[in-house]
Amino acid sequence: MKYTNPFISENPWNYSWCYSAMPLTKKRSPDGQSEEQGRYLQANSREFNTVFAYPNNTIKTSKYNILSFLPLNLFEQFQRLANAYFLALLVLQLIPQISSLTWYTTVVPLVVVLTITAVKDAIDDLKRHQNDNQVNNRPVLILKNGRVECNKWMNIHVGDIIKLQNNQPVPVSTSFDFDLFSFFGLSGKTFSTFAATAFGDRPHCIWRPMAHVADILLLSSSEPGSLTYVETADLDGETNLKVKQAISVTSDMEDNMLLLSAFDGEVKCEIPNNKLDRFVGILMYKGKSYSLGHDKLILRGCIIRNTDWCYGLVIFTGPDTKLMQNSGKYTFKRTNTDHLVNVFVLWIVVLLVCMCSVLAAGHYIWELKTGYYFQDFLPWSKYVTSPAVSATLIFWSYFIILNTMVPISLYVSVEVIRLGNSCFINWDQKMYYAPKDMPAEARTTTLNEELGQITYVFSDKTGTLTQNIMIFKKCSINGVSYGNVFDRKGEKVDISEKTEKVNFSYNKLADPKFSFYDNTLVEAVKHGNQQVHLFFRSLSLCHTVMSEEKVEGELVYQAQSPDEGSLVTAARNFGFVFHSRTSETITVVEMGEPRVYQLLAILDFNAVRKRMSVIVRTPDDRVVLFCKGADTIICQLLHPSCRYLQDVTMDHLDDFATEGLRTLMVAYRELDSAFFQAWREKHSEACLSSENRERKIAIIYEEIEKDLTLLGATAIEDKLQDGVPETIATLEKAKIKIWVLTGDKQETAVNIAYACNLFEDNMDEVFIMEGQDFETIRQELRSARHKMKLDPTLESYLLTSKPKPFFRILEEVPNGNFGMVINGYSLAYALEGNLEVELIQTACLCKGVIFCRMTPLQKAQVVELVKRYKKVVTLAIGDGANDVGMIKAAHIGVGISGQEGMQAMLSSDYAISQFRYLQRLLLIHGRWSYIRMCKFFNYFFYKNFAFTLVHVWYSYFSGFSAQPVYDTWFITFYNMIYTSLPVLGLSLFDQDFNETWSLRFPELYEPGQHHLYFNKREFVKCLVHAFYSSLVLFFIPMGSVYNSVCNNGKDISDYQSFCLMVQTALLSVVTAEIALKTTYWTMLTHFFIWSSLAIYFCISFFLYSDGLCLLFPSNFQFLGVARNTLKLPQMWLTLFLTVLLCILPVIGYHFLKPLLWPIGVDKVIERIHRCMRQPQLLLIQPKQKRPTCRRSAYAFSHQHGFGALITSSKTVKSPLYAKRVFSFQK
């Protein structure tokens, strides 16, 4: 007998009453755009659907074209405050009345900046054009004019009927993938593809199964009952199979082109939204109306499996699809360092205005008291009528001359440094993944230093932490443990690649990919051990797997979860091959002999039962119940006679758990026919009950699932990516908190958390938040917070008011080691009102947090929540389209090229191929980039403050006349040539510690999290240091030449000689300063630093040469100054004294700082130095311990499985398929 459960929820009654509830009009939104209130469309009628102006499927992310690039790019660049500031300076310099410097001192740097930025923007936009063309030109099959035509993705419109095929290959990288690095010749991989295309070779394409291009209403398919099996990994991260089914009125059309072309059904449905599990609509066809639910809708991002073909009606396209509605908005990401620099620039501008005002006032006083009486010698210009007018003009003159406090070269240098550090990420061979030929990729050049400041990491689970590959590793059958390998001495041997695998050649239907190493289990099967046979027979029968045999002898399984598929595959290899099923039978090939079992009932899995059972009638007419499930549940259902076997099996489960394996118990019960008949009648009554149906069915299930006989247990390895536990342990030592945000079910996520050491067995407690209403969630959060730590002040604050947007939660230390698990349903309540603050405060006290059953939008909301209430830098890492939202929301988004497509990677800031590479990305590249950038800003502000403030001291001796203290060519070249190479050497190659020490001592990462190396205090230190240095740089040269004469009696205190002495001393001091900041010396570093002095002297001799000064006397006025001044002993005395007096305070500060004002990382640095001196002190890294507690591996679908579907006659194959199975049985 079969038990049916209605699968199609369609009722052909009139829905005209609800038309008024879903109006067709559009209203205006607050921003002035039309807002859709309800979607109305007609199949195969573009003319009708065009009226509503639905968006098409075209993707456009590029900003420019050939004509608009130059004006639009310049307009955008001058919207930046820095560029506008320097443009205004240029305009001021063109006014002769106030210009104190020549125009080229600003024009040359500004043109260089604009050009570099324009080239970078052009290359980025060209890449966007390439990506747009690649996506828009993907092929898709559209029904048009009575036949299926191959068209382009961008030509799909609402109302079209499209055809989707099983595992249809789509090239995703056939066009020239041009990027910034290939433009500079830094990466030959994409360029080789271009070259091959240009010269006639066919480029290699990356093929993957086709992800649906739009949200479509399923009309018909190749499967019985118009079923379509879909994989939703890009939507919710799950690879377990889901089922969609067309309504019967359209399923009858099958693939008849005439019927499909004539189909003119009208659909009235909800507006586009981000709810993945909800769809409400009505199909009106031939005068009748049919309800539509989400089980009829195939979403964009799904991949069809086990279905030859299907046809669908396009409902939502482009930005209206649910996938795109969940993808979140992209915001331009800027680092905290950028924000801080912008603040400092504003401070500097204010300081500059104040200095210019003071100097203008000094000029006014000087003119009033002194200059007014010397007009015969220093006459005023015609446009100067009074000291006040002269002071006003001098204000702008000083504004021009002192503008070097904010040099435009700062922004050029930052871009070059970031580009260089991005190249180092791309070139890192230790982040290259050979199996996929995938190097790490910095997809942005603006966020490198932010990688060194991460405090929270939000990680997806499936495909990010795991490989999503379940492997049958071990089992316990009738008290005997199988799976270990022993040598001849009887000692256990670790399994490696060299270990000999079990030979399954005796089984022609074995899966060649399956590996097992314990021959004793195979021998037990071959010798006919009844308990072993019964164990594998149970695994081959108790499941909801679908099989497919397109080629005789080659079986393909489609399972609801990888766990279930691995168990059925294990039974298959050991000789119990699940071959096929119908609604009433299951065919198993047992040791080469086909046996047909009558399927009487499936007692399906749900989250409460944590088990599933099947009741079958064997070929020898016995009724048997086979059950598998969580060990905590199965143990309660066993017969008392199994007590001893249960204890032995539990010991084996403990052993399995210590290896991180996920365990599952298997049991059976032979049923009396009369008892089963009576139970079946009760079951039928419960199924037909209109009240409390689920509760009554659960009670009926419990009546038969008892007094079970234990068969054994399985141990499955949910294969983590290589190095995941070690990476998480290392990141935790670096004070980085890791939260797992997954769409998977709770039990699976918790198992993975233990396997990868995010949760530990010695934790004080793991809090499970599973409330179903606002009040329950609040009580759970408060209870957990009380156990960890309670801040009474914050508690009272939360009870009385809703926190303001700027409210920040302070960092607290819990009184133990805790974890937290919360599901998406409970999270929806926790994100309401002021409860979100309680959620974030409680979660931040935990060592590890798991959010499960989350939608893509909820993932982004959690990231935004942490950003809102914690002043920290966040990183999100994932591999699927369901992770795009949180990748965009986080400060840093990292995409993994995994099993779920390339969507996450294409939306990310950085792309890696394995989770373990994250520690190199953060602890090495991120930390180095942060330290380099901090040193760069500190040094850059110092050298420019010191350079500029000398003008201030000189103004007192020059009548506040705005006369520069340096040669104008020195001002032009100071930042662009003379000091550029040392800056690049420091900012590209400096390392405080090499990569070995960086990984061995992750605590070195902590300063970046607290912004210790570049902050407002460090900025003030730079200003004070520069103030002191400028005094030394001006007064030491002045004192050395004051009233001094040469050997020949000539005066040497002329303006030009003094300028040369000051600027030479300045360059020597800043070079010595950067040498002190450099901690990693190489030949390249020596060249970059010391060559700057050599270049300065060479250029000085050239600029001050006789020939150049005679040819261009108006531009080169320092005739012979270099050769005359550099011969003077006062010159070298000046250099010695200025360098000595400027660097002595720096050396003293660096020596005393760890002693008088130590920070946490100083202790770590001291440990490293001790280890360098005494290598024997190096600590041996402890081996990561595996968890020791048992955790069920029953991680099948969180929904009811295919049980009801299997027994509802909807999966009956075609007569041809049934005939093939029958002939095989013969």
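Summarised in this report is the structure supplied together with it. (Residues numbered from 1 in each chain as written. Predicted model: local features only at pLDDT ≥ 70, side-chain atom pairs only at ≥ 80, totals over all residues. Heavy atoms only, no water.)

### As for the overall build of the protein chain
The helix and strand inventory of the protein chain stands at 43 helices and 39 strands. Within the protein chain, the proportion of its 1226 residues that are buried is 56%. Sequence-distant contacts, at least 24 apart, represent 75% of the contacts inside the protein chain between residues at least 6 apart. Accessible area of the protein chain: about 53200 Å², with a carbon and sulfur share of 59%. (Helix = DSSP H or I, 4+ residues; strand = E, 2+ residues; numbered from the N terminus. Buried < 20%, exposed > 50% of the residue type's maximum accessible area, 1.4 Å probe, protein only. Contact = heavy atoms within 4.5 Å. Areas by Shrake-Rupley, 256 points an atom, 1.4 Å probe, with all protein chains shown as cover.)

### Details of the pairing of strand 13 (residues 281–285)
Counted residue by residue, strand 13 has 5 buried out of 5 residues, so it is predominantly covered. By the alternation rule, side chains of strand 13 split into Gly281, Leu283 and Tyr285 and Ile282 and Met284, which are all buried. Direction of pairing for strand 12 (residues 266–269) relative to strand 13: antiparallel, over a ladder of 4 bridges. Within strand 13, the residue paired with valine 267 across the bridge is leucine 283. In the sheet, strand 13 pairs with strand 14 (residues 288–292) via 5 bridges, with the strands oriented antiparallel. Across the sheet, residue methionine 284 finds its bridge partner in strand 14, namely serine 289. Counted along the chain from strand 13 to the antiparallel partner strand 14, the turn is 2 residues long, and its residue lysine 286 has a positive phi close to 55°. (Pairing = 2+ DSSP bridges.)

### Examining the sheet that holds strand 28 (residues 593–603)
Taken in spatial order, the 9 strands line up as 21-20-32-31-30-29-28-27-26 in an open sheet, and their pairing is antiparallel. Unpaired on one side and paired on the other, strand 21 (480–482) and strand 26 (576–581) mark the two borders of the sheet. Shown here is a sheet whose adjacent strand axes are inclined to one another by a mean of 30°, direction ignored. (Axes fitted to C-alpha atoms, helices over the stretch in contact; angles between N-to-C directions.)

### Re the packing of aromatic side chains
Under the defined criterion, the tally for this structure stands at 72 aromatic pairs. Ring geometry for tyrosine 754 against phenylalanine 759: centres 5.7 Å apart, planes inclined by 80°, an arrangement best described as edge-to-face. By the burial criterion, tyrosine 754 is buried, and phenylalanine 759 matches it. The interplanar angle of 50° and the centroid separation of 5.2 Å between the aromatic rings of phenylalanine 936 and phenylalanine 940 together place this pair among those described as tilted. You can see phenylalanine 936 and its partner phenylalanine 940 sitting in helix 30 (residues 917–957), 4 residues apart, about one turn around the helix. Accessibility classification places phenylalanine 936 together with phenylalanine 940 in one group, the buried group. Members of the aromatic cluster, joined through ring pairs, are Phe344, Trp347, Phe936, Phe937, Phe940, Phe941, Phe945, Phe1014 and Phe1019. In this structure, arginine 572 is placed above the aromatic ring of tyrosine 557, and the distance from its NZ or CZ to the ring centre is 5.4 Å. Positioned over the ring face of phenylalanine 940 is lysine 943, at 4.1 Å from the centre of the ring. (Phe/Tyr/Trp six-rings, centres within 6.5 Å; stacked < 30°, edge-to-face > 60°. Lys NZ or Arg CZ within 6 Å of the ring centre and 35° of its normal.)

### Description of the sheet that holds strand 10 (residues 227–231)
Judged by pairing direction, the sheet is antiparallel, and its 3 strands sit side by side in the order 11-10-16 without closing on themselves. One side of each edge strand has no neighbouring strand; the edge strands of this open sheet are strand 11 (241–245) and strand 16 (303–305). Neighbour to neighbour, the strand axes of the sheet diverge by 45° on average, direction disregarded. Where strand 10 meets strand 16, 3 bridges bridge the pair, whose relative direction is antiparallel. Along strand 16, the bridge assignment pairs valine 230 with isoleucine 304.

### Overview of helix 27 (residues 856–869)
Over its 14 residues, helix 27 runs 21 Å from end to end, which matches the ideal 20 Å to within 8%, given 1.5 Å per residue. Within helix 27 the residues assigned to the buried category are Pro856, Gln858, Lys859, Ala860, Val862, Val863, Leu865, Val866 and Tyr869. (Expected span 1.5 Å × (residues − 1).)

### Side note on the pattern of salt bridges
Counted under the stated rule, the structure contains 36 salt bridges. Salt-bridge contacts for arginine 920 lead to glutamate 995; the nearest nitrogen and oxygen are separated by 3.2 Å. One end of the pair, arginine 920, is in helix 30; the other, glutamate 995, is in helix 33 (residues 995–1000), and 75 residues separate them in sequence. A relative accessible area of 9% places arginine 920 in the buried class. Of the charged contacts, one joins glutamate 1018 and lysine 1021 as a salt bridge, the two residues approaching to 3.3 Å between their closest N and O atoms. In this pair, glutamate 1018 and lysine 1021 are both assigned in helix 35 (residues 1016–1041), 3 residues apart and thus about one turn of the helix distant. (Salt bridge = Lys/Arg side-chain N within 4 Å of Asp/Glu carboxyl O.)

### A word on the environment of proline 55
Relative to the helices and strands, proline 55 is located in the loop between helix 1 (46–50) and helix 2 (69–77). Its relative accessible area of 27% is what places proline 55 among the partly exposed residues. Separated by 101 residues in the primary sequence, proline 55 and isoleucine 156 place their C-alpha atoms 9.8 Å from one another. In this structure, proline 55 is in contact with Arg39, Val158, Thr317, Pro319 and Asp320, ignoring residues within four places of it in sequence.

### Notes on the nonpolar core
If you look at the biggest cluster of nonpolar residues, it comprises 104 residues, and the most contacted ones within it are Tyr398, Phe936, Phe937, Tyr966 and Leu1066. Tallying contributions element by element places helix 30 first for this core, with 18 residues. Not counting residues within four places of it along the chain, the set of residues in contact with tyrosine 398 comprises Cys356, Leu359, Ser955, Phe960, Ser961 and Ala962. Core analysis: the next-biggest nonpolar cluster, separate from the first, contains 51 residues, Val502, Leu541, Ala559 and Phe576 among them. (Core = buried A, V, L, I, M, F, W, Y, C linked by side-chain atoms within 4.5 Å.)

### Observations regarding the state of the cysteines
This model, assessed by the stated rule, comprises 0 disulfides. In this model cysteine 354 remains outside any disulfide bridge; the closest cysteine sulfur is found in cysteine 356, 9.3 Å from its own. (Disulfide = S-S within 2.5 Å.)

### Topic: helix 18 (residues 643–658)
Here helix 18 spans 23 Å end to end across 16 residues, near enough to the 22 Å set by a 1.5 Å rise per residue. Of all the positions in helix 18, only Leu645, Gln646, Val648, Thr649, Met650, His652, Leu653, Phe656 and Ala657 are classed as buried. Lining the buried residues of helix 18 we find strand 20 (466–477), strand 21, helix 17 (631–637), strand 31 (662–671) and strand 32 (709–720).

### Remarks on the packing of helix 21 (residues 724–733) against helix 30
Viewed as axis vectors pointing N to C, helix 21 and helix 30 meet at an angle of 25°, and their least axial separation amounts to 9 Å. Taken as axis vectors, helix 21 and helix 30 run roughly parallel relative to one another. With respect to the hand of their crossing, helix 21 and helix 30 are arranged in left-handed fashion. The residues of helix 30 that touch helix 21, namely those facing Thr727, Thr730 and Leu731, are Leu918, Gln919, Leu922 and Leu923. In the contact of helix 21 with helix 30, the residues fall into 4 nonpolar, 3 polar and no charged. (Parallel < 35°, antiparallel > 145°, perpendicular 65-115°, else oblique. Left-handed = near helix turned anticlockwise from the far one by under 90°. Nonpolar A, V, L, I, M, F, W, Y, C, P; charged D, E, K, R; others polar.)

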